[in-house]
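Fold and geometry: a report
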Amino acid sequence: MIALGCDHGGYALMQEVKKHLEERGLEYKDYGCYSEESVDYPVYAKKAANAVASGECERGILICGTGIGISIAANKVKGIRAALCHDCFSAQATREHNNANMLAMGARVIGPGLALKIVDIFLDTPFSNDERHVRRIQMIEE
Ligand code: RB5
């Protein structure tokens, strides 16, 4: 199950992401927002992040205008490693090295073509499980 959270700046791109997940047969829970009316991104960041932190969802995808605010807010939730990615290399590396459990993107930064590729890489790349990466992730939690 994938937790989704966005603000008004990310709403339109999130609709594309939802369509893409449906085409891939992947289940999601949409924690809002639900329109382009102006809202506060921390509300939706925290709802989606809590769903991932509690284990209700395995991964999460967050979108705001820049991806910055929503990733900062999500990373305040214990156990969340939200990675802001606007390129394919970062999306792959953050899964392999950081075992990132949430992906954040900015809808005013990249278009839907690249965003959906980044989503696929984020969802399809396993954590390396290398000892040094496990150790570093544990250090983040301490
Ligand atoms: C909303 O205008 C915008 O500030 C928000 O989507 C995001 O970019 C914040 O980091």
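Heads up: these notes are all about the structure in this document. Small disclaimer: the values here were computed from a predicted structure and weren't measured.

Observations regarding the environment of D87
By the secondary structure assignment, D87 is in the loop between strand 4 (82-84) and helix 4 (88-98). Note on D87: relative accessible area 30%, which makes it partly exposed. Spatially, the C-alpha atoms of D87 and C6 are 19 Å apart, while their sequence positions differ by 81 residues. A polar contact is formed between the side chain of D87 and the backbone nitrogen of F89, at a distance of 3.1 Å. Here S90 takes part through its side chain, which lies 2.7 Å from a polar atom of the side chain of D87.

What to know about a nonpolar patch on the surface
On the surface, I68, I72 and L84 cluster together into a nonpolar patch covering about 250 Å² of accessible area. Along the chain, I68 falls in helix 3 (residues 68-74).

Quick look at the state of the cysteines
The full count for this structure, using the stated rule, is zero disulfides. The structure places no disulfide on C85, whose sulfur is separated from the nearest cysteine sulfur, that of C88, by 9.6 Å. Residue classification places C85 among the buried residues on the basis of a relative accessible area of 2%.

Structural notes on the site of the ligand
Around the ligand, the structure places D7, H8, Y41, C64, G65, T66, G69 and R108. One of the side-chain nitrogen or oxygen atoms of D7 is found 2.6 Å away from an oxygen atom of the ligand. Look at the ligand: alone it shows 290 Å² of surface, and the protein chains cover 72% of it. Partitioned by chemical class, the residues of the shell around the ligand number two nonpolar, four polar and two charged.

Here's the deal with the sheet that holds strand 1 (residues 2-6)
Sheet strands pair via backbone hydrogen bonds, and the direction of the pair is either parallel or antiparallel. Pairing is parallel in the open sheet, where five strands are placed in the order 2-1-3-5-4. Sheet topology places strand 2 (28-30) and strand 4 at the edges, where each strand pairs with a single neighbour. Pairs of neighbouring strands in the sheet enclose a mean axial angle of 20 degrees, with direction left out of account. Where strand 1 and strand 3 (residues 59-64) come together, five bridges link them in parallel fashion. Each bridged residue has a counterpart across the sheet, and for I2 the counterpart in strand 3 is R59. Its contacts with the sheet place helix 2 (residues 41-53) against strand 1, strand 3 and strand 5 (102-106), and it is angled at close to 170 degrees to strand 1.

Digging into the pattern of salt bridges
Under the definition given, this model contains nine salt bridges. A salt bridge links E16 to K19, with the nearest nitrogen and oxygen atoms 3.9 Å apart. Here the residue E16 and the residue K19 both occupy positions in helix 1 (residues 11-23), the gap between them amounting to three residues, near one helical turn. Accessibility expressed as a relative area gives 32% for E16, which makes it partly exposed.

About the criteria used
Residues numbered from 1 in each chain as written. Predicted model: local features only at pLDDT ≥ 70, side-chain atom pairs only at ≥ 80, totals over all residues. Heavy atoms only, no water. Helix = DSSP H or I, 4+ residues; strand = E, 2+ residues; numbered from the N terminus. Buried < 20%, exposed > 50% of the residue type's maximum accessible area, 1.4 Å probe, protein only. Polar contact = N/O pair within 3.5 Å; in protein donor to acceptor, adjacent residues only side chain to side chain. Patch = residues over 30% accessible without salt bridge, like charges linked within 9 Å, V, L, I, M, F, W, Y side chains within 5 Å. Areas by Shrake-Rupley, 256 points an atom, 1.4 Å probe, with all protein chains shown as cover. Salt bridge = Lys/Arg side-chain N within 4 Å of Asp/Glu carboxyl O. Disulfide = S-S within 2.5 Å. Near = heavy atom within 4 Å. Nonpolar A, V, L, I, M, F, W, Y, C, P; charged D, E, K, R; others polar. Pairing = 2+ DSSP bridges. Axes fitted to C-alpha atoms, helices over the stretch in contact; angles between N-to-C directions. Contact = heavy atoms within 4.5 Å.

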